[in-house]
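# Reading the structure
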Amino acid sequence: MIRDDDRSDLPTLREEARDLPVLLPASKPCPERAAATAYPAWSSFASQRHIHDLTLSPKTGDLWLATAGGVLHWHPDLKTFTRYGSEHGLMGNRMTALAINGHGLVWVAHEHGGISYLDGAVWRPYLPLNKIVVSCLSVDKTGRLWIGTAEGIYAIADPDSEPIVELPFIGDPPRSLVVAENGDLWLCNARGTFHRQEDGW
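Predicted model only: the values in this text are computed from it and were never measured.

Rules behind the numbers
- Residues numbered from 1 in each chain as written.
- Predicted model: local features only at pLDDT ≥ 70, side-chain atom pairs only at ≥ 80, totals over all residues.
- Heavy atoms only, no water.
- Pairing = 2+ DSSP bridges.
- Helix = DSSP H or I, 4+ residues; strand = E, 2+ residues; numbered from the N terminus.
- Axes fitted to C-alpha atoms, helices over the stretch in contact; angles between N-to-C directions.
- Buried < 20%, exposed > 50% of the residue type's maximum accessible area, 1.4 Å probe, protein only.
- Core = buried A, V, L, I, M, F, W, Y, C linked by side-chain atoms within 4.5 Å.
- Salt bridge = Lys/Arg side-chain N within 4 Å of Asp/Glu carboxyl O.
- Contact = heavy atoms within 4.5 Å.

### A few points about the sheet that holds strand β12 (residues 134-139)
Read across the open sheet, the four strands follow the order β12-β13-β14-β15; overall the sheet is antiparallel. Every interior strand has two partners, whereas the edge strands, β12 and β15 (165-168), have only one. Put simply, the sheet's adjacent strands are angled 15° from each other on average, direction ignored. Pairing analysis gives four bridges linking strand β13 (residues 145-149) to strand β14 (residues 152-156), with the strands arranged antiparallel. Along β14, the bridge assignment pairs Ile 147 with Tyr 154.

Written out as structure tokens, the structure is:
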């Protein structure tokens, strides 16, 4: 059974114990649905109220949100957003992390494993890490995408190649990952903060 609360595509504000829709100018449509190019006969009914990660596009200033009900792309100039779900090629609707690499590709991590990138209007899976549960994404100063998992830390340059860096990590899944200008890695998890230099963690 789908509850009415789970059908809401409007962004919400929290006031006391209620979720309220964000009021937008009536002259601008909200939301704007992307055409379901991967699975045109399907529609997803999932709530976007819970945001798990967000990032700004350095080139356009657009805001991207990873939610419990897909990916939202906020267009600030238009005061509207586009929602992407499984009908657009995502491997499910619950997203956990999101990042934009140096080439402007939007990447998203799925709750049950794997990551995808937006190729035009369709989300495509990154096959080398298709089954690995990703807990966080980050981008370094060169624009390379870094991927944090319980099994290890990976870096990829583009969606058509294998990871170019694979570092072992033993411990709880990282909650956040940052690459410093000198190439050192910093991450935090349930046990604390870790720093990787050339000789290890």
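### A look at the sheet that holds strand β18 (residues 192-196)
In spatial order, the strands read β16-β17-β18; together these three strands make up an open sheet with antiparallel pairing. This sheet does not close on itself; its edge strands, each paired only once, are β16 (176-179) and β18. Averaged over all pairs of adjacent strands, the angle between their axes in this sheet comes to 15°, without regard to strand direction. Note: β16 against strand β17 (residues 185-189), four bridges, orientation antiparallel.

### So, the pairing of β14
Along β14, five of the five residues are buried, which leaves the element largely enclosed by surrounding structure. With antiparallel pairing between neighbouring strands as the criterion, β13 and β14 make up a hairpin whose turn holds two residues. The pairing of β14 with β15 spans four bridges and is classified as antiparallel. Along β15, the bridge assignment pairs Ile 153 with Leu 167.

### Structural notes on the nonpolar core
Residues Trp 107, Ile 115, Leu 137, Leu 145, Ile 147 and Ile 156 are the most contacted members of the largest nonpolar core, which totals 15 residues. Elements supplying a minimum of two residues to this core: β8 (95-100), β9 (106-110), β10 (115-119), β12, β13 and β14. Ranked by size, the runner-up nonpolar core spans twelve residues in total, among them Ala 66, Leu 98, Val 108 and Trp 123.

### Considering the pattern of salt bridges
According to the stated counting rule, one finds five salt bridges in the structure shown. Where Glu 111 meets Arg 94, a salt bridge forms, and the shortest distance between an N and an O atom there is 2.8 Å. Here Glu 111 is found in the loop between β9 and β10, whereas its partner Arg 94 is found in the loop between β7 (80-84) and β8, with 17 residues between them in sequence. Among the salt bridges present, the one from Asp 119 reaches Arg 124, with a minimum N-O distance of 2.8 Å. Residue classification places Arg 124 among the partly exposed positions, given a relative accessible area of 37%.

### Remarks on the pairing of strand β5 (residues 63-67)
Of all five residues making up β5, four are buried, and the element is well covered by its neighbours. Hairpin remark: strand β4 (residues 51-56) followed by β5, antiparallel, with six residues in the connecting loop; positive phi at Gly 61, about 80°. When β5 meets strand β6 (residues 70-75), the two strands line up antiparallel, connected through five bridges. By the bridge assignment, Ala 66 is partnered in β6 with Val 71. Joining the antiparallel neighbours β5 and β6 is a turn of two residues.

### Let's talk about the side chain of Asp 62
Following the sequence through the fold, Asp 62 ends up in the loop between β4 and β5. Discounting chain neighbours no more than four positions away, the residues touching Asp 62 are Thr 55, Leu 56, Ser 57, His 73, Trp 74, His 75 and Pro 76.

### Focus: the environment of Ala 66
If you trace the backbone, Ala 66 turns up in strand β5. Taking the C-alpha atoms as reference points, Ala 66 and Ala 109, 43 residues apart in sequence, are found 8.4 Å from one another. The residues touching Ala 66, leaving out its near neighbours within four places in the chain, are His 50, Ile 51, His 52, Asp 53, Met 95, Ala 97, Leu 98 and Val 108.

These values are about where atoms sit, not about what they do.
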